[in-house]
Amino acid sequence: VEIPAILSNHRTHEILAQKYDIPFYNFPMSSETKADQEVLQLQLLGDLKVDFIVLARYMQILSPAFVANFENKIINIHHSFLPAFAGAKPYHRAFERGVKIIGATSHYVTQDLDEGPIIEQSIAKVSHKDTVDDLKTKGKDIEKMVLSRAISLHLQRRVLVHKNKTIVFE
């Protein structure tokens, strides 16, 4: 895969982009600037001829207008075993519920938050001894594996979307 750019709403991973000599673009987001920033992002993505997007640590809800430009071409990693704990702070909510497994889900982005067709998932066992930080640590490893497998499957054209489900050819 060719990575033409990293677009971010914060500068946390700018140094990582520099390390790999990938152009980095920062689009700070607020409720007042989000619509304008998305227009600028779409222009840049068009100029770069981007044909799919990977969301990782983006932590913003994309507008329906943005998503419509990349139907089944935006892959998100969510740090829970969806459909459980959609949205923000899933590890905190999993801890509060006393779950015995945590997971990560990679899915295509739709207009409905964390509701898109699921490409890949994995889990890890946890216990009452684990803290929220323990859940986060275990979850980060799962997230990396799940996201990389989902990207690979997408790039190999081994994912077929039908309605809100996927057929994954292994």
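Note: the structure precedes this text.
Residues numbered from 1 in each chain as written. Predicted model: local features only at pLDDT ≥ 70, side-chain atom pairs only at ≥ 80, totals over all residues. Heavy atoms only, no water.

**Q** Kindly report on helix α4 (residues 90-97), identifying the contributing residues and their values.
**A** Residues of α4 that are buried include every one of Pro90, Tyr91 and Ala94, and no others. For α4, the buried positions fall inside an angular range of 95 degrees around the axis, keeping them on one side. Buried residues in α4 make contact with β4 (74-78), β5 (101-108) and α5 (132-155). Directly after α4, the chain includes Gly98, whose backbone phi takes a positive value near 70 degrees. (Buried < 20%, exposed > 50% of the residue type's maximum accessible area, 1.4 Å probe, protein only. Helix = DSSP H or I, 4+ residues; strand = E, 2+ residues; numbered from the N terminus. Arc of directions from axis to C-beta. Contact = heavy atoms within 4.5 Å.)

**Q** Can you explain the nonpolar core? Please cite residues and give values.
**A** Of all hydrophobic cores here, the largest spans 19 residues; its most connected members are Ile75, Ile102, Ile119 and Leu135. For this core, the secondary structure elements donating two or more residues are β4, α4, β5 and α5. Examining the composition of this core, we find that seven residues originate from one element, α5, more than from any other. When sequence neighbours within four positions are dropped, the list of residues in contact with Ile102 reads Tyr91, Ala94, Ser122, Ile123, Ala124, Val126, Leu135, Lys138, Gly139 and Ile142. Residues Leu62, Val67, Ile74 and Val109 belong to the second largest nonpolar core, which totals twelve residues. (Core = buried A, V, L, I, M, F, W, Y, C linked by side-chain atoms within 4.5 Å.)

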